[in-house]
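What the coordinates show
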Amino acid sequence: AQSVTQLDSQVPVFEEAPVELRCNYSSSVSVYLFWYVQYPNQGLQLLLKYLSGSTLVKGINGFEAEFNKSQTSFHLRKPSVHISDTAEYFCAVSDKGSEKLVFGKGTKLTVNP
Amino acid sequence: NAGVMQNPRHLVRRRGQEARLRCSPMKGHSHVYWYRQLPEEGLKFMVYLQKENIIDESGMPKERFSAEFPKEGPSILRIQQVVRGDSAAYFCASSLRTSGVYEQYFGPGTRLTVT
């Protein structure tokens, strides 16, 4: 069965520092990969997605992620974070042809001044 | 274009009561998904519906839970005889299938508290 592992449950960083949120998945078939952001008491907003093609995917708010098939990873990065990036970030995977998203447990990013 | 709407945003029920959660998909979307988020957990898939059809309910608990998406009106997730363990945030998402590629748009969620 599919699973998604987000290795860090909490990541504190200072404003303007770079950040990487790690995500590994397990699947025996081709997949689609997603990162979502959830602000407090709100729904999920799509940051970026990998469907096919270039393994480096750029998303909203300056985020990007790189799909690494050999390492089954899809880490999220941002070169310089803002206070407003404080939120919870979820990695999700879906088998191609499936409608189900399988989510990781989330990483809480806290950006400190 | 309004996003996915869910109501109520917060719902408090006593043990044994029924909970009804509503989801109105984005305009033109005919696919609806329900997910449950327990505290400190990621979202877990519950059910996938198209208009008048349940396509995949592999994530639904076997008892007390049901979902529908009628031809007219919102999708409803119904939980009968709620228990404390049902306390969670329930999210609805909708999508518009195009050439097999999709994107799910999420609503703000309904936070159910069972007392």
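Residues numbered from 1 in each chain as written. Chains lettered and ligands numbered in written order. Predicted model: local features only at pLDDT ≥ 70, side-chain atom pairs only at ≥ 80, totals over all residues. Heavy atoms only, no water.

**Some points on the packing of aromatic side chains**
What counts here: Aromatic rings from Phe, Tyr and Trp, with only the six-membered ring used for Trp, were paired whenever their centres fell within 6.5 Å, and each pair was classed as stacked if the ring planes differed by under 30 degrees, edge-to-face if by over 60, and tilted otherwise. We count a stretch as a helix when DSSP gives it H or I for four or more residues in a row; a strand needs E for two or more, and each element gets its number in order from the N terminus. We call a residue buried when its accessible area falls under 20% of the maximum for its residue type, exposed when it is over 50%, and partly exposed in between, using a 1.4 Å probe and counting protein chains only.
Throughout the structure, instances matching the rule amount to 12 aromatic pairs over all chains. On the basis of an interplanar angle of 90° and a centroid distance of 5.7 Å, the ring pair of Phe103 of chain A and Tyr35 of chain B is categorised as edge-to-face. Taken together, the positions of Phe103 of chain A in strand E11 (residues 102–103) and Tyr35 of chain B in strand E4 (residues 31–37) put the pair across two chains. Take Phe103 of chain A: its relative accessible area is 6%, and that puts it in the buried class. Between Tyr35 of chain B and Phe45 of chain B, the ring centres sit 5.9 Å apart and the planes meet at 75°, which makes this aromatic pair edge-to-face. With Tyr35 of chain B in strand E4 and Phe45 of chain B in strand E5 (residues 43–50), the pair connects residues that are 10 residues apart, well separated along the chain. On the basis of relative accessibility, which here comes to 10%, the residue Phe45 of chain B falls in the buried class. Among the aromatic side chains, those forming a connected cluster through ring pairs are Phe34, Tyr36, Phe90 and Phe103 of chain A together with Tyr35, Phe45 and Phe106 of chain B.

**Looking at the pattern of salt bridges**
Rule in force here: We count a salt bridge whenever a side-chain nitrogen from Lys or Arg sits within 4 Å of a carboxyl oxygen from Asp or Glu.
On inspection of all chains with the given rule, the structure shows 12 salt bridges over all chains. The network of salt bridges with shared partners includes Glu20, Glu66 and Arg77 of chain A.

**Focus on the interface of chain A and chain B**
The condition that has to hold: Any pair of residues with heavy atoms lying within 4.5 Å of one another is described as a contacting pair. Buried area is understood as the total, over both parts, of accessible area removed when two parts are fitted together, assessed with a 1.4 Å probe. N or O atoms closer than or at 3.5 Å make up a polar contact, with two conditions inside protein: a donor-capable atom paired with an acceptor-capable one, and, for residues adjacent in sequence, both atoms drawn from side chains.
With 21 residues of chain A at the contact, the number on the chain B side is 23 residues. Surface buried jointly by chain A and chain B totals about 1,800 Å² across both partners, of which 51% is contributed by carbon and sulfur atoms. Viewed at the interface, chain B and chain A are joined by 3 salt bridges. Here Lys49 of chain A makes a salt bridge to Glu103 of chain B, at a shortest N to O gap of 2.7 Å. Across the chain A-chain B interface, the total number found is 5 residue pairs in polar contact (both at pLDDT 80 or more).

**Considering the state of the cysteines**
Residue and element names in this part refer to chain A. Put simply, the rule reads: Put simply, a disulfide is two cysteine sulfurs that come within 2.5 Å.
For the structure shown, the criterion picks out 2 disulfides over all chains. Note on cysteine connectivity: Cys23 is disulfide-linked to Cys91, with sulfurs 2.0 Å apart. Disulfide Cys23-Cys91: the torsion about the S-S bond is -65°, which places it as left-handed. Placement of Cys23 in the loop between strand E3 (19–21) and strand E4 (24–26) and of Cys91 in strand E10 (residues 87–95) is noted, with a sequence separation of 68 residues between them.

**Concerning the environment of Val114 of chain B**
All names here are of chain B. Mapped onto the elements, Val114 comes out in strand E11 (residues 110–114). Counting along the chain gives 59 residues from Val114 to Ile55, while the straight-line C-alpha distance between them is 29 Å. Those residues within four positions of Val114 in sequence are excluded, and the remaining contacts are Arg13, Arg14, Arg15, Val82, Val83, Arg84, Asp86 and Ser87.

**Here we look at the pairing of E5 of chain B**
Residues and elements named next belong to chain B. Selection rule: The criterion for strand pairing is that DSSP finds at least two bridges linking the strands in question.
Among the 8 residues that make up E5, 6 are buried, leaving the element largely enclosed by the rest of the structure. Following E4, the chain reverses through 5 residues before pairing antiparallel with E5; Glu40 in that reversal takes a positive phi of roughly 65°. Strand direction decides the pairing type here: E5 and strand E6 (residues 53–56), joined by 3 bridges, are antiparallel. Counted as the bridge partner of Tyr48 is Asp56 from E6. Between E5 and E6, which pair antiparallel one after the other, the connecting turn spans 2 residues, and Glu52 there sits at a positive phi close to 65°.

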